[in-house]
Amino acid sequence: MASNVTFIGAGNMASAIFGGMIESGYPREAITATSPDDAMLAPLRERYGIHTETDNNAGVANADVVVLAVKPQIMHDVCAAMRDATQDRKPLIVSVAAGLTAETLERWLGGDLPVIRCMPNTPSLVGSGASGLYANRLVDDSQKSIATTLMESVGIVEWVDEEVLLEAVTAVAGSAPAYFYLVFEALEEAGVKLGLPAESARRLAVQTGLGAARMVQQGDADPAQLRRNVMSPNGTTERAVTHLEEAGLRQIFLEAAEVCAARAREMGEELGKQ
Ligand SMILES: NC(=O)c1ccc[n+]([C@@H]2O[C@H](COP(=O)([O-])OP(=O)(O)OC[C@H]3O[C@@H](n4cnc5c(N)ncnc54)[C@H](O)[C@@H]3O)[C@@H](O)[C@H]2O)c1
């Protein structure tokens, strides 16, 4: 029988994940989502046919898996209010919150709980997500397999052995859709400056991004080789890529990844003091 999965918080991330689970054949009767606002839950009941609750403790009462999907800033209060229910039930806890460590979450929920931390990203909304997962000492193999099933319903999954590596996952996947959107914005602006209608520039740039990503995923060659395949000697691409390299693009990405990871750590430390 399928595990009962309850999502605490029914926003973007939660709905992406339970939407993906249902599309992959997970029984909707085994899924519950909570939010204090029933007006927000009503369309989810309608669209997905899942159970909903405005009371988090009622949501946890029958759960085998509790997915924490509220903003990190309110997580302490949400966990503290669910402590008794989670201690009674001892479900698997899966958190998608940025920064908050497994130790912090376990402590807020009263201790002695299997906790999996997950760092997903928004392309999960279209089934093309990328998630990093880390399990604490109390998680067993069957629980790891449940978390893999949940997150593979919306994309790919990479497990990490050390929790600190979730900061790197945040830098290259959790936050990274925004970097690609920035590149699309910049290419569109450049196309417009060079005379293209904005809509054409966007379509061309986005389709190119999609095609380039597909070629890397197909695995025929690594990205550096695929890049060289586009660069005819003394041609147009070589001129553009040399400009990007000389302007320090690689160093800029490295620094962006470093500040991103540092902010994840900082959020965990700041919020974890509670
Ligand atoms: N958005 C991203 O790119 C992204 C990526 C990775 C991880 N995350 C993490 O996912 C989590 C959720 O982010 P989101 O983008 O889905 O946010 P969101 O604002 O879309 O969803 C949060 C939900 O929490 C609900 N909520 C508020 N108070 C609550 C309470 N007391 N009890 C139960 N539910 C309550 C709200 O109704 C809302 O539906 C965050 O912790 C964030 O760090 C987000």
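Just so it is clear, the structure is predicted and the values come from calculations on it, not from any experiment.

## Focus: a nonpolar patch on the surface
So, step 1. On the surface, a cluster of nonpolar side chains totalling about 400 Å² of accessible area is made up of Val183, Leu187, Leu244, Leu249 and Phe253.
So, step 2. Breaking the nonpolar patch down by element, the ones donating at least two residues are α8 (176-193) and α12 (249-272).
So, step 3. Along the chain, the position of leucine 244 falls in helix α11 (residues 236-246).

## Points about the site of the ligand
So, step 1. Near the ligand lie 22 residues; those nearest to it are Asn12, Met13, Ser35, Met40 and Val70.
So, step 2. Within the backbone of alanine 10, a nitrogen or oxygen atom sits 3.5 Å from an oxygen atom of the ligand.
So, step 3. Burial of the ligand by the surrounding chains reaches 77%, relative to a free accessible area of 830 Å².
So, step 4. Of all the secondary-structure elements, those providing two or more residues to the shell around the ligand are α1 (12-23) and α4 (72-89).
So, step 5. The dominant element in the shell around the ligand, judged by the number of residues it contributes, is α4, at three residues.

## A look at the sheet that holds strand β2 (residues 31-34)
So, step 1. Pairing in this open sheet of eight strands is mixed, and the strands run β3-β2-β1-β4-β5-β6-β7-β8 from one edge to the other. Two strands in the sheet have a free side with no partner beyond their single neighbour: β3 (51-53) and β8 (155-159). For this sheet the average axis-to-axis angle between neighbouring strands, irrespective of direction, equals 25°.
So, step 2. Note: strand β1 (residues 5-8) against β2, four bridges, orientation parallel. Note on β2: the bridge partner recorded for phenylalanine 7 is alanine 33.
So, step 3. Contacting β2 and β3, helix α2 (residues 38-48) crosses the sheet at an angle of about 175° to β3.
So, step 4. Lying over the sheet, α4 contacts β1, β4 (65-68) and β5 (92-95), oriented at roughly 170° with respect to β4.

About the cut-offs
- Residues numbered from 1 in each chain as written.
- Predicted model: local features only at pLDDT ≥ 70, side-chain atom pairs only at ≥ 80, totals over all residues.
- Heavy atoms only, no water.
- Patch = residues over 30% accessible without salt bridge, like charges linked within 9 Å, V, L, I, M, F, W, Y side chains within 5 Å.
- Areas by Shrake-Rupley, 256 points an atom, 1.4 Å probe, with all protein chains shown as cover.
- Salt bridge = Lys/Arg side-chain N within 4 Å of Asp/Glu carboxyl O.
- Helix = DSSP H or I, 4+ residues; strand = E, 2+ residues; numbered from the N terminus.
- Near = heavy atom within 4 Å.
- Polar contact = N/O pair within 3.5 Å; in protein donor to acceptor, adjacent residues only side chain to side chain.
- Pairing = 2+ DSSP bridges.
- Axes fitted to C-alpha atoms, helices over the stretch in contact; angles between N-to-C directions.
- Contact = heavy atoms within 4.5 Å.

The values reported here are purely geometric and, on their own, carry no functional implication.
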